Amino acid sequence: MERYLRKNFDVEPKRPSDEALRRWRLAVSVVKNPRRRFRMVADLAKRAETERKRQELQEKIRVAICVNKAALQFIGGIDSTTTSGKQASYGLSIQVREAGFSIEPDELVAIVGPHDTKRLEHHGGVEGLAKDLIVSLKDGVVSSDIPVRQNIYGLNRYAEKPSRSFWMFVWEALQDLTLLILIVCAVISIGVGIATEGWPKGMYDGLGILLCILLVVLVTAISDYKQSLQFKKLDKEKKNIIVQVTRDGCRQKVSVYDLVVGDVVHLSIGDQVPADGVFVSGYSLSIDESSLSGESEPVDVAEGRPFLLSGTKVQDGSGKMLVTSVGMRTEWGRLMVTLSEGGEDETPLQVKLNGVATIIGKIGLGFAVLTFLVLTARFLVEKSLHNMITEWSASDAMKILNYFAISVTILVVAVPEGLPLAVTLSLAFAMKKLMSDMALVRHLSACETMGSASCICTDKTGTLTTNHMVVNKIWICGESMQISKENEDVLKNSVSERVFNHLLQSIFLNSSSEVVKGKDLKQNIIETALMEFGLLLGGDFNGYREDYKIVKVEPFNSIKKKMSILVAVPGGGGGGFRAFCKGASEIILKTCDKIINADGEAIPLSEEQRKNITDIINGFACEALRTLCIAFRDIKDASNLDSIPDDGYTLIVVIGIKDPVRPGVKEAVKTCLAAGITVRMVTGDNINTAKAIAKECGILTEDGLAIEGPDFRSKSPHEMKELIPKLQVMARSLPLDKHTLVTQLRNVYKEVVAVTGDGTNDAPALHEADIGLAMGIAGTEVAKENADVIIMDDNFSTIVNVARWGRAVYINIQKFVQFQLTVNVVALMLNFICACISGTAPLTTVQMLWVNLIMDTLGALALATEPPHDGLMKRPPIGRNAKFITRIMWRNIIVQSIYQILVLLILKFEGKRLLKLSGSDANSTLNTVIFNSFVFCQVFNEINSRDMEKINVFRGMFDSWVFLIVMVSTVVFQVIIVEFLGTFANTVPLSWELWLTSVLTGAASLVVAVIMKCIPVGPTQNTAEHHDGYEPLPDGPEQA
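Only a predicted model underlies this, so the values are computations on that prediction, with no experimental measurement involved. (Residues numbered from 1 in each chain as written. Predicted model: local features only at pLDDT ≥ 70, side-chain atom pairs only at ≥ 80, totals over all residues. Heavy atoms only, no water.)

### Section: the overall build of the chain
Then, number 1: Each helix and strand in the chain was counted, giving 40 helices and 24 strands.
Then, number 2: Along the three orthogonal principal directions, the C-alpha set of the chain runs to about 125 × 80 × 50 Å.
Then, number 3: Considering the chain as a whole, with its 1040 residues, one finds that 55% of them fall into the buried category.
Then, number 4: Put simply, the chain shows about 43,600 Å² of open surface, and 57% of that area lies on carbon and sulfur atoms.
Then, number 5: Charged side chains of the chain number 110 positive and 116 negative; the gap between the two group centres comes to 5 Å. (Helix = DSSP H or I, 4+ residues; strand = E, 2+ residues; numbered from the N terminus. Buried < 20%, exposed > 50% of the residue type's maximum accessible area, 1.4 Å probe, protein only. Areas by Shrake-Rupley, 256 points an atom, 1.4 Å probe, with all protein chains shown as cover. Lys, Arg positive; Asp, Glu negative; His and termini not counted. Charge placed at Lys NZ, Arg CZ, Asp CG, Glu CD.)

Written out as C-alpha cells, the structure is:
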C-alpha cells in the first residue's frame, strides 16, 4: 500500500507541481460523492483560466498606462486653457454637492487610474485634490466625516462571492451515489411492503432507511457548514491589513477595511498600498507594480510621478499618500472581481488519504458485489432445491431488493469518504485554536508540515526578546554612563551644550518615527527607544523638525544596516548642510575618521581610540545590549546633494539598548530540544550580543558554533557542510545568508525547516522554507504575504505552540484512520462470512447506516479534534518520507479486527445457546445483541484509538469536550434506537443482562488493547532520518 501511495498520491506540501496534482486526481476512483470529496481541492482548470485572465488584465493595465503616458506627452503642447475647458465641463451630482465635496468619484478614478497628470494639474495638483475632498494634508480626515465619505466614495472592500447557505451543504451531502441508490431502494421497499403487508406495517423498513439517510445527511451538512464558516472567518482575517493614517491631526492605526477617500496614509518599506492615491510627501519612494501590471522594474514615485495604485508594494523609501479611490473603484479591485480563485492547494495528508480511501473503496466494492452474488446465489439454489425456481412472489422480489440494499450499504460503510475530509476538519479545528493562541495560519498545509519541523531558524529581536527596547548605557566623549529615569540630568551635566545639542539633533532628525502621545503605533522599536531617550533628556522633537529642513533620506534596510539623513542647517548655525547616520556599531565606526570631544569639537580618530571604542562596543554586547553608533558630518559644498556621503563622519555616541529575553522563551527552547527540533538564531545584531542572548535562551551550547554572516558567506560548500550541523547562532547576517542557510538545510540535510522573518528582504527565505513564519507586529506586508503562518504576538513560544498543534493534527488523523479501518475490516468480513455461511447479513441497512455515521462524521469529530498533549513534544519529529500507516497502526487494526470478528461470529452462530435465548423472538433478540455489541465495540475502540502506544488511553479524555459529547451522544442514540425505534431499525428492547453483555463485549476490547500493546513491533527503517512519528514502546512502570 505504501509503495502505491508514494507512487500516485505523493505531493509536496509547498508549491506542488501541476503534474503531481493531476496524477493523484487521475488515480482516484470509487468516489461516492465527488462534490463533497473534492470541495477542498483546487480546481486546476479554473486556476489555469484565472491565471490566463490575470495575465490579460495585467497586460491591459500596462498598455493603458503606457498609451496614456505617450498620449499626454503628445498633447503636451496643446493650449492648457482649451484642455482645462474640456475637463471642467463635467458637473457635480446633487449628492456630492450637498456633502460639500467638489469632485466626483469617477473623476478621481479618471485621474489616478490612467495616470492623467493633466487632469491632476487642472484640479490644482495634490493640494487642489485635498481641497476638493475637504481634507487637510497635515491633519487628515475628521472622524465624524467618515460615514459621509463612505456613502459617496464607497467602502474599501472588494466584491466577494456570496457564502453558501446551509441548504447548499444539505444538497451536496445528498449527492452521495450510494445514498441515492438506497433512497430508491427504500421507496420501492415502501411500495412493495404496503402492497404485500398492508398499511402501516409494510412501510416501516423503507421509512427506517429514509430516516437514517436524513440523519446522516443532516449531521454531515452541519459538520461541513461549520467548517466553511471557520474558513471564511480565517480568510477574512488573512486579508485584514492594518495601515497607518493621519486622522484628527494625529497618526493612528486603522483596518484597511475602514480606509476612506481623503485619508492620508503613511507608507514604509514592505507595505502594501491599500488604495489608489497620489503622493503627498516622502523620500526615495520606490514601488513594485508587478502584481498589477506585470512589470518587474520598480517605479520611483515623487511629485513628478505621483500616482500610487492599490495592491502594489513599497520596495524602498517612505512617504505619505492621499487616498483617492477605494474598493471596487481601484484598479486592484477591478482586477480582483474579474478573477475567481481556483482554490488552495490540497495538503499532502488530504492527498494521501484520498489514496487510502481509493484502495479501501476498491476492496469494499469487490466485497459488496461478492456479498450480493453469494446471497442471491444461495437464494436461487434454495428455490431450485425446493422446485420453486419458476414461482416468484412479491416477497421474493423484496428479498432480492433487500440483498441489493445490504450490498449497497456495505459499500457505504466500506468507502471511507470521510478520510480526506477528516483532515480538513482537523485542520479547521487546529487553525481556529491557533488563531485564539495568536497564530494565523495562511496556508492549510503549513499546519501539517509544522508537525514535521526538525529545525527552527529564528530571529532574535522581538521573537526571543520582549520587543520593548530601552537605552540602558551610552559611551560619549570618552565616558560610559548608565541611563535611567532617576539620573536623567547626569548626561546633561557631563557634556558641553554643543555635544548635547548634536546628540539631540541626531536622535530627532535622523528618525522615521513620530512623537504621538497616547497612540500605539507600528514604529521601529529601536527608533522608539531612541525617541524615548531623547525625550527623557528634555529634547523637543517638533522644535528640531521645524528648525531643520530635511533634504534627503536613505531609510534603514537590512543590507546597509544603517539609516542616513541630510538636513539644511539654519542660517544662524553657519548655514550649509549636515548629514547624520546611525546603525550597526562596527559599520558606522568604519565610516568615521573623527570623534567629537567634550567641548563639541571634531578631532581626528586615532587607531588606539578606534580599538578602545571597539572594546567598548564588545563590552556592551557581552552584557546582552544591542549596540549602535550615531555620527554626523557637516557639508559646506552644496553642489552634490543627490546622495548622502558614506564616509568622513564624526562619531558622537555609542548607545547600548537593552531588550530583555521574553518570559517563557527558555522553557520553549527546552521543549523544542526535547522534541528533536534544533533551534538556530539568525540575527543582524552584533555577535557578542547574539551569543549572550542565545546562551540565556538555551540555544547556544558549549559545543555549538556562533558565526558572523560575512564569515558564513565566505565558506566553500564543503566547509558549509561541516559547520552547519554545529551552527547555532549567525550574527550580522544578511537576508541572503538566511536564504542560503535554509536552502542548505533543506537540500543537503533534508531537514524540514521553519524560518521566521519580518522584513521585506526576508521574503525569499520565507518562501524557500518548508514553513515561513512572519511576525505580525514587526513584520511587513511583503513578509506576511510570503509566509505560511503569521505569529500575531511575535513570540517564540507561539511558534512552539504551532509545532505542537501540527503534530496533534498528524497524530489525530492517524488515530482516526486506525479507528475507521478497523470498522471497515470488521463490517466487510462480518457481512461476507455470514452471507456465505448462513445466507443472511447480521446487520440491516438502517443499522449499517448508523454504524457508518458513528465511524465517519462522528468518529472524525471525536478523534480528529483532540487537543495536543505534552507527550507530543517528547518524541522526534515526523520524517519527510515517513510511512503514514505505521506498523503499530497495522498491529492495532489487525488485532482489534480479529477480536471483534471472532466475538460477533460466535454470537451469530452460538449466541442462542450461550445467551439461553428461546421463543418466537429469539432471532430478533440475538440480532439486536449482535448489533448492540458491534456498536459498543466501536465506542470502546474509539477510546482505544486515543493513544496508539500507551496503555493509559483515558489520559486527557476529560479535557476533550468534543470527544466526550460524541461518546455520550452515540450511547444515548444507541439506547433510543434499540429500545424505542425497533420498528424502523429491526431491533427489540433488551433486558439489563443483555445490555450488560453488549457493553462488556465492547469493553473487553480495552483489555485486548492492553495485551496487544505488549506485542513488540520491529523498528522502522531509517528512524533517524524518517521517524514514523512514535516513540519506542515504554517498559515497566512507564508503560502504565
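### Examining the domain arrangement of the chain
By a frequent convention, interface size equals the accessible area lost on bringing the separate parts together.
Then, number 1: One can read the domain layout of the chain as domain 1 (92-156 + 259-332), domain 2 (439-466 + 662-794) and domain 3 (470-658).
Then, number 2: Put simply, the middle of domain 2 and the middle of domain 3, counted by C-alpha atoms, are 31 Å apart.
Then, number 3: Listed by partner, the interface residues are 18 residues for domain 2 and 16 residues for domain 3.
Then, number 4: With both sides pooled, the region where domain 2 packs onto domain 3 buries about 1,300 Å², and carbon together with sulfur makes up 48% of that total.
Then, number 5: For domain 2, the biggest contributors to the area lost against domain 3 are Asn 688, Thr 689 and Arg 732; these three give 33% of the whole.
Then, number 6: Counting the contacts that link domain 2 with domain 3 gives two salt bridges.
Then, number 7: Between Asp 685 and Arg 626 there is a salt bridge; the shortest N-O distance is 3.5 Å.
Then, number 8: At the junction of domain 2 with domain 3, the criterion picks out seven residue pairs in polar contact (both at pLDDT 80 or more).
Then, number 9: Taken together, the residues that form the side of domain 2 that touches domain 3 break down as six nonpolar, nine polar and three charged. (Domains from an automatic or database assignment. Contact = heavy atoms within 4.5 Å. Buried area = accessible area lost by both parts, 1.4 Å probe. Salt bridge = Lys/Arg side-chain N within 4 Å of Asp/Glu carboxyl O. Polar contact = N/O pair within 3.5 Å; in protein donor to acceptor, adjacent residues only side chain to side chain. Nonpolar A, V, L, I, M, F, W, Y, C, P; charged D, E, K, R; others polar.)

### Some words on the sheet that holds strand S8 (residues 439-441)
Then, number 1: Spatially, the eight strands line up as an open sheet ordered S8-S24-S23-S22-S9-S19-S21-S20, and their pairing is mixed. Only two strands of the sheet have a single partner each, and these edge strands are S8 and strand S20 (705-708). The sheet shows a mean angle of 20° between the axes of neighbouring strands, taken without regard to direction.
Then, number 2: Sheet topology places strand S22 (residues 753-757) next to strand S23 (residues 771-775); four bridges connect them, and they run parallel. (Pairing = 2+ DSSP bridges. Axes fitted to C-alpha atoms, helices over the stretch in contact; angles between N-to-C directions.)

### What about helix H39 (residues 992-1012)?
For an α-helix, the turn length of 3.6 residues means that residues three or four places apart are oriented alike.
Then, number 1: When the terminal C-alpha atoms of H39 are compared, their 30 Å separation across 21 residues agrees well with the 30 Å that a helix rising 1.5 Å per residue should span.
Then, number 2: Buried within H39 are the following residues: Leu 994, Trp 995, Ser 998, Thr 1001, Gly 1002, Ser 1005, Leu 1006, Val 1008, Ala 1009 and Met 1012.
Then, number 3: The elements touched by buried residues of H39 are helix H35 (887-915), helix H36 (922-944) and helix H37 (961-980). (Expected span 1.5 Å × (residues − 1).)

### Points about unusual backbone geometry
Then, number 1: Positive phi is not limited to glycine here, since Ser 284 has a value of about 50°.
Then, number 2: With respect to the element layout, Ser 284 can be found in strand S4 (residues 276-288).
Then, number 3: Residue Asp 794 is not a glycine yet carries a positive backbone phi of 55°.
Then, number 4: Looking at Asp 794, the relative accessible area reads 1%, which means it is buried.

### Here's the deal with the pairing of strand S18 (residues 649-658)
Then, number 1: With respect to burial, S18 is a largely interior element, nine of its 10 residues being buried.
Then, number 2: The pairing of strand S10 (residues 470-476) with S18 spans six bridges and is classified as antiparallel. Bridged to Val 470 within S18 is Lys 658.
Then, number 3: Relative to S18, strand S15 (residues 592-596) runs parallel, the two sharing three bridges. Within S18, the position partnered with Lys 594 by the bridge is Thr 650.

### What to know about the packing of aromatic side chains
Then, number 1: Per the counting criterion, the structure on display carries 13 aromatic pairs.
Then, number 2: Geometrically, the ring pair formed by Phe 367 and Phe 832 is edge-to-face, given 5.4 Å between the ring centres and 90° between the ring planes. Taken together, the residues span a long stretch of sequence, with Phe 367 in helix H16 (residues 348-385) and Phe 832 in helix H33 (residues 796-837) at a distance of 465 residues.
Then, number 3: Looking at Phe 367, the relative accessible area reads 21%, which means it is partly exposed.
Then, number 4: Centre to centre, the rings of Phe 936 and Trp 995 are 6.2 Å apart; their planes meet at 85°, and the pair counts as edge-to-face. Highlighted residues: Phe 936 in helix H36 and Trp 995 in helix H39, separated in sequence by 59 residues.
Then, number 5: The class for Trp 995 is buried, based on a relative accessible area of 15%.
Then, number 6: Site record: aromatic cluster; members linked through ring pairs are Phe 166, Trp 167, Phe 169 and Tyr 225.
Then, number 7: Across from the ring centre of Phe 169, 4.8 Å away, lies the NZ or CZ of Arg 164, which sits over that ring. (Phe/Tyr/Trp six-rings, centres within 6.5 Å; stacked < 30°, edge-to-face > 60°. Lys NZ or Arg CZ within 6 Å of the ring centre and 35° of its normal.)

### A short note on helix H11 (residues 166-173)
Then, number 1: Restricting attention to buried positions, one finds in H11 the residues Phe 169, Val 170, Glu 172 and Ala 173. The arc that holds the buried residues of H11, viewed along the axis, is 160°, so those residues lie on one side. (Arc of directions from axis to C-beta.)

### Quick notes on a nonpolar patch on the surface
Then, number 1: Taken together, the side chains of Met 1, Trp 890, Ile 894, Ile 898, Leu 902, Ile 906 and Leu 914 make up a nonpolar region of the molecular surface, amounting to roughly 640 Å² of accessible area.
Then, number 2: Locating Leu 914 in the fold gives a position in helix H35. (Patch = residues over 30% accessible without salt bridge, like charges linked within 9 Å, V, L, I, M, F, W, Y side chains within 5 Å.)

### Let's talk about the environment of Val 112
Then, number 1: Structurally, Val 112 can be placed in helix H7 (residues 105-112).
Then, number 2: Discounting chain neighbours no more than four positions away, the residues touching Val 112 are Asp 276, Gly 277, Val 278, Phe 307, Leu 308, Leu 309 and Thr 324.

### Description of the packing of H16 against helix H18 (residues 418-436)
Then, number 1: Put simply, H16 and H18 touch, their axes get as near as 7 Å, and they point 160° apart. In terms of their interaxial angle, H16 and H18 are classed as roughly antiparallel. The two elements H16 and H18 meet at a crossing, and its hand is right-handed. When H16 is examined against H18, the residues Leu 349, Gln 350, Leu 353, Asn 354, Val 356 and Ala 357 are found in contact with a partner set consisting of Leu 419, Pro 420, Val 423 and Thr 424. (Parallel < 35°, antiparallel > 145°, perpendicular 65-115°, else oblique. Left-handed = near helix turned anticlockwise from the far one by under 90°.)

### Observations regarding a positive patch on the surface
Then, number 1: Taken together, the side chains of Lys 226, Lys 233, Lys 432 and Lys 433 make up a positively charged region of the molecular surface.
Then, number 2: If you list the elements that add at least two residues to the positive patch, you get helix H13 (204-239) and H18.
Then, number 3: In this structure Lys 433 comes out as partly exposed when scored by relative accessible area, which is 30%.

### A word on the nonpolar core
One broad rule of soluble globular proteins: the nonpolar side chains tend to lie buried together.
Then, number 1: In this structure, Met 450, Ile 771, Phe 796, Ile 813 and Val 817 are the most contacted members of the largest nonpolar core, which totals 171 residues.
Then, number 2: Per element, the largest residue contribution to this core is 21 residues, and it comes from H33.
Then, number 3: Non-local contacts of Ile 771, meaning those with residues more than four positions away in its chain, are made with Ala 446, Thr 449, Met 450, Ala 453, Val 752, Val 753, Ala 754, Val 755, Asp 788 and Val 789.
Then, number 4: Grouped together as the second largest cluster of nonpolar side chains are 46 residues, Ile 103, Leu 133, Val 141 and Phe 279 included. (Core = buried A, V, L, I, M, F, W, Y, C linked by side-chain atoms within 4.5 Å.)

### Focus on the pattern of salt bridges
Then, number 1: Counted under the stated rule, the structure contains 30 salt bridges.
Then, number 2: The salt bridge partner of Glu 382 is Arg 378, with a shortest N-O separation of 4.0 Å. Taken together, the residues Glu 382 and Arg 378, both in helix H16 and four residues apart, mark about one turn of the helix.
Then, number 3: Owing to a relative accessible area of 42%, Glu 382 belongs among the partly exposed residues under this scheme.
Then, number 4: For Arg 378, a relative accessible area of 27% puts it in the partly exposed group.
Then, number 5: Note that Arg 746 is salt-bridged to Glu 768, the shortest N-O span being 3.2 Å.

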